[in-house]
Amino acid sequence: MLAILSITAPIFVLMAIGYVAIRSGLLSKSDNQALGRFVLYFCIPALLFRAFAERRLGDVFDGSYLVAYGAGSLLALAVVLLLARLWRGNSKAMSGMQAMGACSSNSAFIGYPIAAQVFGPVAGVALALCTLIENLITIPCALAYAEGGSGQSQRWQQALVQSLRGLARNPMIYGISAGILFSALAIPLPAFVTSTLSLLASASSPVALFVIGGSLVGLQLGGQRTDIGIVVFGKLLLHPLAVAGALWLLPVTDPLLAKAAVVYAAVPMLSIYAVLAQRHGQQGFCAATLLATTVVSFVTISGWLWWLGASPLR
């Protein structure tokens, strides 16, 4: 357990430093947003590009991984959606936001810093594959369902199309696409390019964690504790359990890749969760849920890492 804490403690210490820096006024929220853009537009794309460009394409795309992670994510989405609609009686907009929170991980800002410590270079490959599932399947599906509660029959189709069109502005997709191209054409990377990419990629973890901590400033836990609890349960327990179960049925080639998938599923939801909820008037609920999930994840992530060390998935 001490070995596990040596992995998770630095993650949350860096987040705490970011929180204190913004809370104390040492840095402003606009400074934190600028750091976030640096990670999103430069560090993460460099990391994803390198994950593909430095490997053969066949070594990166694992069909079992994509199917298992996608199936586990969709199962978490469906279960939380049913709980929110049938048990709690929430609106489609509210239920859709809850479902998205339960199946869409903060893979780049929290998942990768943890996976990189435990699994090494394979963490970048897992990040790229998870990014594809989240941006092509889980987030569009959840947003489309939430739009279905707007009272206009065509809104969910429009939301789905807009979400997919948004991929054209997603810098992570650019990094993946460029990496796939270089890998497919077997284009060698000059030494100075490799060094530059390594520097950018190495900056992603600490800066991303700092940004996450700073983004928690001002968030408050409000009411709706049961609804918040549903999302916390879905994200931190159900999602990784569903992915682990799917990987047991569809084992991947590399056991480390399988374990990395569970770690990515076990981290809190994406940092722009509350921003995406503004359109549906659920930003307050989603901000509170993000805070609760992040706090609880210190315990649950440590538990998943312990389980992964004691119980291989193959």
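In case you missed it, the structure is sitting above this.
Starting afresh in each chain, residues are numbered from 1 along the sequence in its written order. Since the coordinates come from a predicted model, pLDDT governs what is reported: local features require at least 70, and pairs of side-chain atoms require 80 or more to be given and counted, while whole-chain, interface and lining totals use all residues. Calculated side-chain values reflect all of the structure's heavy atoms, with hydrogen atoms and water omitted.

> An account of the pattern of salt bridges is requested, with residue identities and associated values reported.
In what follows, salt bridge is the name for a side-chain nitrogen of Lys or Arg lying within 4 Å of a carboxyl oxygen of Asp or Glu. A complete count under the given rule lists 1 salt bridge for this structure. The salt bridge involving Arg88 is made with Asp227; its shortest N-O contact spans 3.0 Å. Here Asp227 lies in helix α11 (residues 225-249) and Arg88 lies in the loop between α4 (63-87) and α5 (92-103), a separation of 139 residues in the sequence. Using a 1.4 Å probe on the protein chains alone, a residue whose accessible area is under 20% of its type maximum counts as buried, one over 50% counts as exposed, and one in between counts as partly exposed. A residue is classified by how much of its surface remains accessible, and Asp227, at 3% relative accessible area, is buried. Helix and strand assignments follow DSSP, with helices taken as H or I runs no shorter than four residues and strands as E runs no shorter than two, numbered in order from the N terminus.

> Hey, could you go over the nonpolar core for me, with residue numbers and the actual values?
Only buried residues count toward a nonpolar core. Its members are Ala, Val, Leu, Ile, Met, Phe, Trp, Tyr and Cys residues joined through side-chain atoms within 4.5 Å. Counting 92 residues, the largest nonpolar core has Tyr65, Tyr69, Ile114 and Tyr264 as the members making the most contacts within it. Here this core gets 14 residues from one element, more than from any other, and that element is helix α7 (residues 122-147). Whether two residues touch is decided by their heavy atoms; if any such pair falls within 4.5 Å, the residues are in contact. Tyr264 has contacts with Tyr65, Tyr69, Ser105, Ser107, Gly111, Tyr112, Ala115, Ala123, Ala126, Leu127, Cys130 and Lys235, leaving out every residue within four places of it along the chain.

> Lay out the environment of Val118 in plain terms, naming residues and giving numbers.
With respect to the secondary-structure elements, Val118 resides in helix α6 (residues 107-119). Accessibility expressed as a relative area gives 31% for Val118, which makes it partly exposed. Residues Val118 and Val295, spaced 177 residues apart in sequence, show a C-alpha to C-alpha distance of 21 Å.

> Explain a nonpolar patch on the surface to me, and be specific about the residues and the numbers.
Like charges are joined within 9 Å and nonpolar side chains (Val, Leu, Ile, Met, Phe, Trp, Tyr) within 5 Å, but only among residues with over 30% relative accessible area and no salt bridge; these make up the patches. Accessible surface area values rest on a Shrake-Rupley calculation with a 1.4 Å probe, where residue burial reflects the displayed protein chains alone. On the surface, Val67, Trp248, Leu249 and Leu250 cluster together into a nonpolar patch covering about 460 Å² of accessible area. Looking at the secondary structure, you find Trp248 in helix α11.

> Any chance you could break down empty space enclosed by the protein for me, citing the residues and the numbers?
The way it works is a 1 Å grid over only the protein atoms, where trapped points that fit a 1.4 Å probe form a cavity and open points with protein on both sides within 12 Å along at least five of seven lines form a pocket, and then any residue with an atom within 4 Å of a point lines it. Grid points are joined across faces, edges and corners, and a volume is the space filled by probe spheres set on the points. All told, the structure shown has 1 cavity of 30 Å³ or more when counted by the stated rule. One number sums up the size of the largest cavity: a volume of about 40 Å³. Listing elements by their share of the lining of the largest cavity, those giving two or more residues are α10 (191-215) and α14 (283-310). When the residues that make up the lining of the largest cavity are grouped by side-chain class, the tally is 6 nonpolar, 3 polar and no charged. When residues are sorted by character, Ala, Val, Leu, Ile, Met, Phe, Trp, Tyr, Cys and Pro go into the nonpolar class, Asp, Glu, Lys and Arg into the charged class, and all the rest, Gly among them, into the polar class.

> Lay out the packing of aromatic side chains with the relevant residues and their values.
The geometry of an aromatic ring pair comes down to the distance between the two centres and the angle between the two planes. Classification of ring pairs uses Phe, Tyr and Trp, with its six-membered ring standing for Trp, and accepts pairs whose centres are within 6.5 Å; under 30 degrees between planes counts as stacked, over 60 as edge-to-face, and the remaining range as tilted. What the rule picks out here adds up to 5 aromatic pairs. Relative to Phe298, the ring of Phe12 has its centre 5.0 Å away and its plane inclined at 90 degrees; by these criteria the two rings are edge-to-face. With Phe12 in helix α1 (residues 2-23) and Phe298 in helix α14, the pair connects residues that are 286 residues apart, well separated along the chain. Classification of Phe298 as partly exposed rests on a relative accessible area of 33%. Judged by centre distance (5.7 Å) and plane angle (90 degrees), the ring pair of Trp304 and Trp307 falls under edge-to-face. Remark: Trp307 and Trp304 occur in helix α14; sequence separation between them is 3 residues, near one turn of the helix. Taking the relative accessible area as the measure of exposure, Trp307 reaches 28% and is therefore partly exposed.

> Tell me about α6, residues and numbers included.
Here the expected length of a helix is defined as 1.5 Å per residue gap, with one fewer gap than residues. In this model, α6 (13 residues) spans only 14 Å end to end at C-alpha, well below the 18 Å of a helix rising 1.5 Å per residue. Within α6, 10 of the 13 residues are buried, which leaves the element mostly enclosed by the surrounding structure. For α6, the set of buried residues is Ser107, Ala108, Phe109, Ile110, Gly111, Tyr112, Pro113, Ile114, Ala115 and Phe119.

> Which residues make up the state of the cysteines, and what are the values?
By convention in this document, the label disulfide applies to cysteine sulfur atom pairs within 2.5 Å. Under the definition given, this model contains 0 disulfides. Cys141 carries a free sulfur, and the closest cysteine sulfur to it, the one in Cys103, is 8.3 Å from it. Cys286 takes part in no disulfide bond, and the closest cysteine sulfur, belonging to Cys103, lies 12 Å away. Residue Cys286 is classed as buried on the basis of its relative accessible area of 0%.

> I'd like to hear about the layout of surface pockets, residue by residue, with values.
The computed volume of the second largest pocket comes to approximately 150 Å³. Looking at the second largest pocket, the residues that line it are Arg55, Gly58, Asp59, Val60, Phe61, Asp62, Val122, Val125, Thr253, Asp254 and Leu257. Of all elements in the fold, only α3 (57-60) and α7 reach the threshold of two or more residues within the lining of the second largest pocket. Looking at which element gives the most residues to the lining of the second largest pocket, the answer is α3, with 3 residues. Of the residues belonging to the lining of the second largest pocket, the class tally is 5 nonpolar, 2 polar and 4 charged.

> Residue-level account of the environment of Ala68, with values.
Along the chain, the position of Ala68 falls in helix α4. Overall, Ala68 belongs to the buried group, its relative accessible area being 0%. With 182 residues separating them in the primary sequence, Ala68 and Leu250 have C-alpha atoms 6.5 Å apart.

Nothing here speaks to function; it is geometry throughout.
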